[in-house]
Amino acid sequence: MRHFVTSLTLFVSILIIGLMMCALTCSAKMTAFLINREAGIAVSRGTSGIYETEKSVKAALKEEADLCADESFEKLTYIIYSQGISITEEEASIIYKKGFYNNLKDKCGSGDEKLKEYLSSKVPEISAGKLSIGDDIPMFILDGNKVVLRDVPVEYDYKGIYKRSDSFDVEITIPEMILYDGNDELFSYSMIAKKGIYITGKTSTIFGNIYAGCHGPSEMRSAEALYGEKNRYGGLNVMSTQVAFESDKIISEGDINLRGSFVLFGNEQKPVDIFAKEITETDNVASRNVYSLVGDFNEVPDEPDERDMIDKATEMFDEISYYYDSNNDKAYVGKYRKILSLTDVTVKSDVYGIIMTPRSVIIEEGVNVEGLIISGDRIYVQGNNNIVSSPDVLRNILKEEINGQGYIDVSTGNPEIDEMSLVHLDIVDYLGGIEFRGVKK
């Protein structure tokens with residue numbers, strides 16, 4: 001009996017010890033599990049918190065950038081128009097970007113306590129741990145069309161047990177600004193003809209860029225055969241004349257044919273970039289034609305944009321349903337001349353303005369044009385002409401049209417004006433690709 005009791009006591013003791021060890025083991029495992037779980041939560045919250053901080057800061061600075069763009073543009077235009085300053089779009093863009101940069105620094109600070117305070121206000125709240133902006137605050141840097149913040153420091157702390165530091169970059173693209181209604185790239189052209197340009201007669205000078213398209217052999221006109229066209233038709237053709245081109249670029253989708261002529265494409269100090277299939281010379285009166293062929297049309301820098309610009313400029317030509325010459329409109333009091341026609345246009349006197357038609361334009365001998373000629377067909381220049389591009393002329397026409405100026409009020413009862421016979425055509429309705437002033441976002 002005594003032996004049985006002793007054995008039972010020993011068994012119970014061993015059982016109790018075993019249960020205690022099991023409990024301790026389970027408790028340790030549970031504690032380890034809870035610690036690992038908490039550590040996992042800390043790491044997860046730290047990773048997501050830093051990412052959310054980056055998103056929040058970038059979103060806030062994007063909003064500030066939009067405000068700065070509007071304010072900088074308004075300030076620039078006020079100064080220019082109130083003081084009558086005349087500057088180019090390029091000069092205005094430089095001033096606008098610097099104004100944007102300074103405005104953003106004024107709002108947010110740069111590399112100081114003000115910027116840290118601003119950035120800290122954008123740090124999100126999280127359920128575990130604490131996020132904060134570090135002490136090594138970067139400077140705003142103006143880099144071309146962007147303002148950048150490099151290595152913005154952000155820190156995460158979980159109960160002093162787990163800490164993490166990281167950084168991110170912010171790049172703010174400065175919204176594009178347009179100071180003048182219009183299209184400076186398009187307005188840099190003096191002649192655009194979708195089926196070719198033909199120049200002959202006495203000495204002429206062409207200032208401004210040129211685009212000469214081409215056409216199929218079935219559309220060839222007998223007079224054009226004299227210019228030396230062979231494998232391709234259209235393009236730029238010069239015959240029996242002297243002509244000087246002062247241009248940044250000449251684009252010919254066909255050949256450039258020089259026949260019995262002396263032609264200068266710029267000079268050694270300012271050469272012209274020429275894009276054409278090839279340049280052919282036949283029976284030229286001088287062998288000193290100065291040119292350098294850069295490549296064909298497909299090698300024009302930003303060629304898709306160039307083609308798109310030409311197509312947009314003429315996309316509304318089929319909508320022109322009248323012949324309109326502002327010289328024949330007694331109600332027109334604009335400064336420059338406008339010719340819009342659904343048929344061929346023959347120009348017999350000087351034009352300071354714009355000529356637009358889906359058909360051909362014939363510039364008679366001795367007639368000068370300053371502005372832009374756009375033909376959906378061909379342009380013929382017959383000699384002793386000065387053809388000059390002028391962004392200022394085109395801008396002023398658009399300014400009058402957009403502001404509702406350029407025509408007198410026919411309701412005043414002017415006896416010389418028959419209201420029913422007036423047909424006013426605004427180029428802004430037919431000249432595609434026009435960009436209007438303001439900030440593009």
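This one's a predicted model, so the numbers in the text were calculated from it and none came from an experiment. In this numbering scheme, every chain counts its residues from 1 along its sequence in written order. At least 70 in pLDDT is required for a residue's local features to be given in this predicted model, at least 80 for side-chain atom pairs to be given and counted, and no such filter applies to totals for whole chains, interfaces and linings, which use all residues. The side-chain numbers reported here are obtained from all heavy atoms of the structure, hydrogens and water having been left aside.

### Examining unusual backbone geometry
Negative phi values dominate among residues other than glycine, just as trans dominates among peptide bonds.
In step 1: The phi angle at Asp151 is positive, at roughly 60 degrees, despite the residue not being glycine.
In step 2: Put simply, DSSP H or I for four residues or longer makes a helix, DSSP E for two residues or longer makes a strand, and each gets a number counted from the N terminus. Mapped onto the elements of the fold, Asp151 is located in strand E3 (residues 146-158).
In step 3: Residue burial is assigned from relative accessible area. The probe radius is 1.4 Å, only protein chains are included, and a residue is buried under 20% of its type maximum, exposed over 50%, and partly exposed in between. Of the residues examined, Asp151 reaches a relative accessible area of 47% and is grouped as partly exposed.
In step 4: In the Ramachandran plot, Ser240 falls in the positive-phi region, its phi being about 50 degrees despite a non-glycine side chain.

### Overview of the packing of aromatic side chains
Here a ring pair, both rings aromatic, is described through the centre-centre distance and the interplanar angle of the planes.
In step 1: Two aromatic rings from Phe, Tyr or Trp, using only the six-membered ring of Trp, form a pair when their centres are within 6.5 Å; if the ring planes differ by under 30 degrees the pair is stacked, by over 60 it is edge-to-face, and anything between is tilted. On inspection of all chains with the given rule, the structure shows 5 aromatic pairs.
In step 2: Centroid distance Tyr332 to Tyr407: 5.3 Å. Interplanar angle 65 degrees. Geometry classified as edge-to-face. With a gap of 75 residues between them, Tyr332 in the loop between strand E20 (324-325) and strand E21 (337-340) and Tyr407 in the loop between helix H6 (391-402) and strand E28 (438-440) connect regions that are remote in the sequence.
In step 3: Three or more aromatic residues joined by ring pairs form one cluster here, namely Tyr198, Tyr227 and Tyr380.

### Regarding the side chain of Asn103
In step 1: Tracing the backbone through its elements, the reader meets Asn103 in helix H2 (residues 89-108).
In step 2: The exposure class assigned to Asn103 is buried, which follows from its relative accessible area of 16%.
In step 3: Other than its neighbours up to four places away in sequence, Asn103 contacts Cys68, Glu71 and Ser72. Whether two residues are in contact is decided by their heavy atoms, any of which lying within 4.5 Å being enough.

### Things to note about the nonpolar core
In step 1: In plain words, nonpolar cores are sets of buried Ala, Val, Leu, Ile, Met, Phe, Trp, Tyr and Cys residues tied together by side-chain atoms within 4.5 Å. Counting 39 residues, the largest nonpolar core has Leu61, Phe100, Phe140 and Ile172 as the members making the most contacts within it.
In step 2: Of all the elements in the fold, those that place two or more residues in this core are helix H1 (2-83), H2, helix H3 (113-120), strand E1 (130-133), E3 and strand E4 (162-173).
In step 3: Tallying contributions element by element places H1 first for this core, with 10 residues.
In step 4: When residues no more than four places from it in sequence are discounted, the contact partners of Phe140 are Leu61, Tyr101, Leu104, Lys105, Cys108, Gly109, Ser110, Leu115, Val147, Val148, Leu149 and Ile172.
In step 5: Grouped together as the second largest cluster of nonpolar side chains are 33 residues, Val272, Ala276, Val347 and Ile373 included.

### Quick look at the pairing of strand E12 (residues 236-239)
In step 1: Side chains Leu236 and Val238 of E12 all project onto a buried face; the interleaved residues Asn237 and Met239 project onto the opposite face, where all are buried too.
In step 2: Paired strands, in this sense, are two strands between which DSSP finds at least two bridges. One ladder, built from 3 bridges, connects strand E7 (residues 197-199) with E12; its direction is parallel. Across the sheet, residue Ile197 finds its bridge partner in E12, namely Leu236.

### Some details on the side chain of Arg337
In step 1: Its place among the elements puts Arg337 in strand E21.
In step 2: The term polar contact refers here to a pair of N or O atoms within 3.5 Å; inside protein, the definition further demands a hydrogen-donor-capable atom paired with an acceptor-capable atom, and it admits residues adjacent in sequence only when both atoms are side-chain atoms. There is a polar contact of 2.7 Å between the side chain of Arg337 and the side chain of Asp325.

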